[in-house]
Amino acid sequence: MLVLLPPSEGKAEGGRDRPLELASLSLPELTRARETVLDELVALSRADEEKAREVLGLSEGLRGEVAKNAGLRTAPTRPAGELYTGVLYDALDLGGLGAAAAGRAARSLLVFSALWGAVGTADRIPSYRLSGGVKLPGTGPLGRYWRGPLESVLPQAAGEGLVLDLRSSAYAAMWKPKGDTARRTASVRVVQSKTVDGVEKRSVVSHFNKATKGRLVRALLEEGADPRTPEELAGTLRDLGYVVEGPQGEPRPGTATALDVVVTEL
């Protein structure tokens, strides 16, 4: 099983005085594409702080993020699984996993990134600021930029197993599974159910969505589950106590199978 995660804007500070080694990251075939984005981001951040802030969509209060980007080549690094913070990663709590589940996480989780393309949770990277919706002056829209490089490596990384796609829309645009890989891909939407005046009302709430996805992945890792199809995934999640709706019939050719996880409280 390959699990695709979004990154987070929030990142842990600090790390060891061990600078970035691009060639050591997972999916080394992406090294040249990573170099291109990294070079432009660093050059932009060093040359003109105001322009960099405008391009990156940063408020005045986030001005310090530009300086952080300017020093990416020599900044301290930490494993991506420790670097990314926020609701999903707090719920996932990779640092609290036992040895067996942690090993499964290192083998099966990929975090998508506008700067790195995709990285494993054990890959050491520095703290940075670059979102998936950014359009760099030279490289262009990053969602579009990464499609070619990722298309060349991710089908092989997915192998013959299930792909569990938990990315947000900006990062889903970077790679869309095709063909047989798409048939083995499941996307999950978290829906909050409330009863108001005796009538059930459903909505998608970001906090519920992120927290539930983090806990869901953690449960799969701790269980050692290895579903091979979206249908098997739905059954596994039900066995783990989740309320799952779907799949509803056959998905359109070339599209993932959509599953809804219904929650009533966080």
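Scroll up a little and you will see the structure.
Read on for an overview of the structure. Computed from a prediction, not measured in an experiment: that's the story for all the values here.

What counts, and where the lines are drawn
Residues numbered from 1 in each chain as written. Predicted model: local features only at pLDDT ≥ 70, side-chain atom pairs only at ≥ 80, totals over all residues. Heavy atoms only, no water. Helix = DSSP H or I, 4+ residues; strand = E, 2+ residues; numbered from the N terminus. Rg over C-alpha atoms; globule rule 2.2 N^0.38 Å. Contact = heavy atoms within 4.5 Å. Buried < 20%, exposed > 50% of the residue type's maximum accessible area, 1.4 Å probe, protein only. Arc of directions from axis to C-beta. Polar contact = N/O pair within 3.5 Å; in protein donor to acceptor, adjacent residues only side chain to side chain. Patch = residues over 30% accessible without salt bridge, like charges linked within 9 Å, V, L, I, M, F, W, Y side chains within 5 Å. Areas by Shrake-Rupley, 256 points an atom, 1.4 Å probe, with all protein chains shown as cover. Salt bridge = Lys/Arg side-chain N within 4 Å of Asp/Glu carboxyl O. Lys, Arg positive; Asp, Glu negative; His and termini not counted. Charge placed at Lys NZ, Arg CZ, Asp CG, Glu CD. Phe/Tyr/Trp six-rings, centres within 6.5 Å; stacked < 30°, edge-to-face > 60°. Lys NZ or Arg CZ within 6 Å of the ring centre and 35° of its normal. Axes fitted to C-alpha atoms, helices over the stretch in contact; angles between N-to-C directions. Parallel < 35°, antiparallel > 145°, perpendicular 65-115°, else oblique. Nonpolar A, V, L, I, M, F, W, Y, C, P; charged D, E, K, R; others polar.

1. Side note on the overall build of the protein
Here's step 1: Within the protein, the secondary structure is distributed over 12 helices and 12 strands.
Here's step 2: Relative to the compact-globule value of 18 Å for 266 residues, the protein shows a C-alpha radius of gyration of 19 Å, a close match.
Here's step 3: Each principal axis of the C-alpha atoms in the protein carries an extent, and together these give about 55 × 45 × 40 Å.
Here's step 4: Relative to all contacts within the protein whose residues are 6 or more apart in sequence, the contacts with residues 24 or more apart total 71%.

2. Side note on the environment of Val-217
Here's step 1: Looking at the element boundaries, Val-217 is found in helix α11 (residues 206-223).
Here's step 2: With relative accessibility at 2%, the residue Val-217 sits in the buried group.
Here's step 3: Residues Val-217 and Ser-203, 14 residues apart in the sequence, show an inter-C-alpha distance of 21 Å.
Here's step 4: Ignoring any residue separated from it by four or fewer positions in sequence, one finds Val-217 in contact with Val-3, Leu-5, Leu-92, Leu-109 and Leu-166.

3. Things to note about helix α2 (residues 49-56)
Here's step 1: For α2, the complete set of buried residues consists of Ala-52, Arg-53, Val-55 and Leu-56. Down the axis of α2, the sector holding all buried residues measures 165 degrees, keeping them to one side.
Here's step 2: Against the buried residues of α2 lie α1 (31-47), α3 (64-70) and β6 (135-136).
Here's step 3: For α2, the capping residue at the N-terminal end is Asp-48, with a side-chain oxygen 3.2 Å from the backbone nitrogen of Glu-50.

4. What about a positive patch on the surface?
Here's step 1: A cluster of basic residues, Lys-135, Arg-144, Arg-147 and Lys-176, forms a positive patch on the protein surface.
Here's step 2: Residue Arg-144 is classed as exposed on the basis of its relative accessible area of 53%.

5. Some remarks on the packing of aromatic side chains
Here's step 1: Counting across every chain of the model gives 4 aromatic pairs.
Here's step 2: Pairing Tyr-84 with Tyr-128 gives two aromatic rings, centres 6.5 Å apart and planes at 90 degrees, and the pair type is edge-to-face. Separated by 44 residues along the polypeptide, Tyr-84 in the loop between α4 (80-83) and α5 (87-92) and Tyr-128 in the loop between β5 (124-125) and β6 bring together distant segments of the chain.
Here's step 3: Taking the centre distance of 5.2 Å and the plane angle of 80 degrees together, the rings of Tyr-145 and Trp-146 count as edge-to-face.
Here's step 4: Judged by its relative accessible area of 0%, Trp-146 falls in the buried class.
Here's step 5: In textbook terms, an aromatic cluster arises when at least three aromatic residues are bridged by ring pairs, as seen for Tyr-84, Tyr-89, Trp-116 and Tyr-128.
Here's step 6: The positively charged end of Lys-11 is found above the aromatic ring belonging to Tyr-128, 4.5 Å away from the centroid.
Here's step 7: In this structure, Arg-167 packs its charged tip against the face of Phe-112, placed 4.5 Å from the ring centre.

6. Concerning the pattern of salt bridges
Here's step 1: Across all of its chains, the model carries 21 salt bridges by this definition.
Here's step 2: We note a salt bridge from Arg-129 to Glu-65, for which the minimum N-O separation is 3.9 Å. Separated by 64 residues along the polypeptide, Arg-129 in the loop between β5 and β6 and Glu-65 in helix α3 bring together distant segments of the chain.
Here's step 3: When the shortest N-O distance is used, the salt bridge between Arg-218 and Glu-222 registers 3.3 Å. Residue Arg-218 and its partner Glu-222 are located together in helix α11, separated by 4 residues, close to a single helical turn.
Here's step 4: The exposure class of Glu-222 is partly exposed, given its relative accessible area of 46%.
Here's step 5: Within this structure, Glu-9, Glu-13, Glu-65, Lys-68 and Arg-129 form a network of salt bridges that share partners.

7. A look at the packing of α1 against α2
The description of two packed helices rests on the angle between their axes and on the distance between the axes.
Here's step 1: Remark: α1 packs on α2, axes separated minimally by 6 Å, with the N-to-C direction vectors making an angle of 130 degrees. In terms of their interaxial angle, α1 and α2 are classed as oblique. The residues of α2 that touch α1, namely those facing Leu-41, Leu-44, Ser-45 and Ala-47, are Glu-49, Lys-51, Ala-52, Val-55 and Leu-56.
Here's step 2: Tallied by class, residues from the contact of α1 with α2 come to 6 nonpolar, 1 polar and 2 charged.

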